[in-house]
Amino acid sequence: AHQNVRSAKSETNWLLLDHESDRSDRPDMLKPTPTGSGGLEELCDHLDELKALFAYAHAQYANDKGFKWEKFIFVVF
């Protein structure tokens, strides 16, 4: 899933990772939950204050001179 976020060919620009609660033998295992293409605003709609979550996102910003920045960010929530 994280390769889709990094790929220029994919519309996916974020993914959310949650703990695999059904694996008591591996509490450190993470599973991708939702993914999306609606940017950081859409990602924020999926955050849950009752869970420890991790997110990976591709953000793009541009200034008025036409310069564009592309960043990959990792969020601990």
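A quick note: this is a predicted structure, and the numbers were derived from the prediction, not measured.

**Q** Sorry if this is basic, but what is going on with the nonpolar core here?
**A** Within soluble globular proteins, side chains that are nonpolar tend to cluster in buried spots. Counting residues in hydrophobic clusters, the biggest one holds 6 residues: Trp14, Leu16, Leu43, Leu53, Ala55 and Ala57. Elements supplying a minimum of two residues to this core: strand E1 (14-19) and strand E3 (54-62). Excluding residues within four positions of it along the chain, Leu53 makes contact with Leu16, Leu17, Asp18, His46, Leu47, Asp48, Val75, Val76 and Phe77. Core analysis: the second largest hydrophobic core is formed by 5 residues, Val5, Leu17, Phe54 and Tyr56 among them.

**Q** What exactly am I supposed to notice about a nonpolar patch on the surface here?
**A** A cluster of nonpolar residues, Tyr61, Phe67 and Trp69, forms a patch on the protein surface that exposes about 340 Å² of accessible area. One can find Tyr61 in strand E3.

Cut-offs applied
Residues numbered from 1 in each chain as written. Predicted model: local features only at pLDDT ≥ 70, side-chain atom pairs only at ≥ 80, totals over all residues. Heavy atoms only, no water. Core = buried A, V, L, I, M, F, W, Y, C linked by side-chain atoms within 4.5 Å. Buried < 20%, exposed > 50% of the residue type's maximum accessible area, 1.4 Å probe, protein only. Helix = DSSP H or I, 4+ residues; strand = E, 2+ residues; numbered from the N terminus. Contact = heavy atoms within 4.5 Å. Patch = residues over 30% accessible without salt bridge, like charges linked within 9 Å, V, L, I, M, F, W, Y side chains within 5 Å. Areas by Shrake-Rupley, 256 points an atom, 1.4 Å probe, with all protein chains shown as cover. Salt bridge = Lys/Arg side-chain N within 4 Å of Asp/Glu carboxyl O.

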